[in-house]
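Examination of the molecular architecture
Chain by chain, the residues:
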Amino acid sequence: VNAENDGFDSIWFGQIFGPDVLTVLALAGQKTSRIELGTSVVPTYPRHPHALAAQALTVQAASNGRFNLGIGLSHGPVVEGMWGLPFDKPVRRMREYLEALVPLLAGENPHYGGETVTARGGLDVRADAPPVLVAALGPQMLAVTGRLADGTVTWMTGAKTIADLTAPTIRAAAEEAGRPEPRVV
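Throughout what follows, the structure given in this document is the object of discussion. (Residues numbered from 1 in each chain as written. Predicted model: local features only at pLDDT ≥ 70, side-chain atom pairs only at ≥ 80, totals over all residues. Heavy atoms only, no water.)

1. Remarks on the overall build of the protein chain
Counting its secondary structure elements, the protein chain contains seven helices and nine strands. Radius of gyration (C-alpha) of the protein chain: 16 Å, near the 16 Å computed for a compact globule of 185 residues. In terms of principal-axis extent, the alpha carbons of the protein chain reach across some 45 × 40 × 35 Å. For the protein chain, the proportion of its 185 residues judged to be buried stands at 42%. Considering only residue pairs separated by 6 or more positions, the protein chain has 65% of its internal contacts joining residues 24 or more positions apart. Carbon and sulfur atoms form 54% of the exposed surface of the protein chain, whose accessible area is close to 9,300 Å². Here the protein chain contributes 15 positively and 18 negatively charged side chains, and the mean placements of these two sets differ by 2 Å. (Helix = DSSP H or I, 4+ residues; strand = E, 2+ residues; numbered from the N terminus. Rg over C-alpha atoms; globule rule 2.2 N^0.38 Å. Buried < 20%, exposed > 50% of the residue type's maximum accessible area, 1.4 Å probe, protein only. Contact = heavy atoms within 4.5 Å. Areas by Shrake-Rupley, 256 points an atom, 1.4 Å probe, with all protein chains shown as cover. Lys, Arg positive; Asp, Glu negative; His and termini not counted. Charge placed at Lys NZ, Arg CZ, Asp CG, Glu CD.)

Written as structure tokens, this is what we have:
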């Protein structure tokens, strides 16, 4: 509420070792009326696409369509060391995750089976799909993001890298896939 009252246009929260940021944003959506809300970012490895889609659509409904879902892989030491999950082929994992998540958010009933992600059946949450932004830093992840998501959320990325690598790479991939120009947050 204070951020909105102080004139901020948006507020973004990260998820790592604290409160569930999606719950926090659902509550913030009830206490605010205009400020854009987003995650920067929610790790995908510990969340199945069905679970994350249900949460994201719930936040979108609670915030009257002001929510942006920022997602990311996290990092090998966290994924393997803390969660005990394999962190091999992360670009494939994100591609498959998006191929399952995006249809779920759009109200579709995917029958998706990849090498790392399986998603069958849909959800019954009445809300418009929030934009999906991926924490993509390298060329391969930016290309996947441009083809399948709405944009990217940067972290510790300078203006030169955004201008020389991030923006042109994601824009070219989106254009090649016939998608709208992606957002760079």
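2. Focus: the layout of surface pockets
The calculated volume of the largest pocket comes to roughly 460 Å³. Taken together, 18 residues form the lining of the largest pocket, with Val41, Ser74, His75, Ala135 and Trp155 sitting closest to its centre. Among the residues making up the lining of the largest pocket, the classes are represented as 10 nonpolar, eight polar and no charged. (1 Å grid on protein atoms, 1.4 Å probe; cavity = no way out; pocket = protein on both sides within 12 Å on 5 of 7 lines; lining within 4 Å. Points joined across faces, edges and corners; volume = space filled by probe spheres on them. Nonpolar A, V, L, I, M, F, W, Y, C, P; charged D, E, K, R; others polar.)

3. A look at the side chain of glutamate 4
Residue position: glutamate 4 is located in helix α1 (residues 2-5). The side chain of glutamate 4 is buried and forms no salt bridge, while arginine 66, the nearest opposite charge, is found at 4.3 Å. Separated by 2.9 Å, the side chain of glutamate 4 and the backbone nitrogen of isoleucine 35 make a polar contact. Excluding its chain neighbours within four sequence positions, the residues that come into contact with glutamate 4 are Thr32, Ser33, Arg34, Ile35 and Arg66. (Salt bridge = Lys/Arg side-chain N within 4 Å of Asp/Glu carboxyl O. Polar contact = N/O pair within 3.5 Å; in protein donor to acceptor, adjacent residues only side chain to side chain.)

4. Thoughts on the pairing of strand β2 (residues 36-39)
Sheet topology places strand β1 (residues 10-13) next to β2; four bridges connect them, and they run parallel. Residue pairing in the sheet places isoleucine 11 in a bridge with leucine 37 of β2. Crossover connection from β1 via helix α2 (residues 21-31) to parallel β2: handedness right-handed. Pairing geometry for β2 and strand β4 (residues 67-72), over two bridges, is parallel. (Pairing = 2+ DSSP bridges. Right-handed = clockwise from strand over helix to strand, strands pointing away.)

5. What about the packing of α2 against helix α3 (residues 49-62)?
Taken N-terminus to C-terminus, the directions of α2 and α3 make an angle of 15°; their axes are 8 Å apart at the nearest point. Considering their axes alone, α2 and α3 lie roughly parallel with respect to each other. Crossing of α2 against α3: the hand is left-handed. Counting all contacts with α2, which are made through Leu22, Leu25, Ala26, Gly29 and Gln30, the residues of α3 involved are Leu52, Gln55, Val59 and Ala62. When the residues that make up the contact of α2 with α3 are grouped by side-chain class, the tally is six nonpolar, three polar and no charged. (Axes fitted to C-alpha atoms, helices over the stretch in contact; angles between N-to-C directions. Parallel < 35°, antiparallel > 145°, perpendicular 65-115°, else oblique. Left-handed = near helix turned anticlockwise from the far one by under 90°.)

6. Overview of the nonpolar core
With 38 residues, the main nonpolar core has Leu22, Leu52, Leu69, Ile71, Leu98, Leu101 and Leu105 as its most contacted residues. Not counting the four nearest positions on each side in its chain, leucine 101 is found in contact with Pro49, Leu52, Ala53, Leu69, Ile71 and Val132. (Core = buried A, V, L, I, M, F, W, Y, C linked by side-chain atoms within 4.5 Å.)

7. Structural notes on the environment of threonine 145
Mapping threonine 145 onto the fold places it in helix α6 (residues 139-148). Taking the relative accessible area as the measure of exposure, threonine 145 reaches 0% and is therefore buried. For the pair threonine 145 and valine 132, spaced 13 residues apart in sequence, the C-alpha to C-alpha distance is 9.2 Å. Setting aside its immediate chain neighbours within four residues, threonine 145 contacts Val134, Ala136, Gly151, Thr152 and Ile170.

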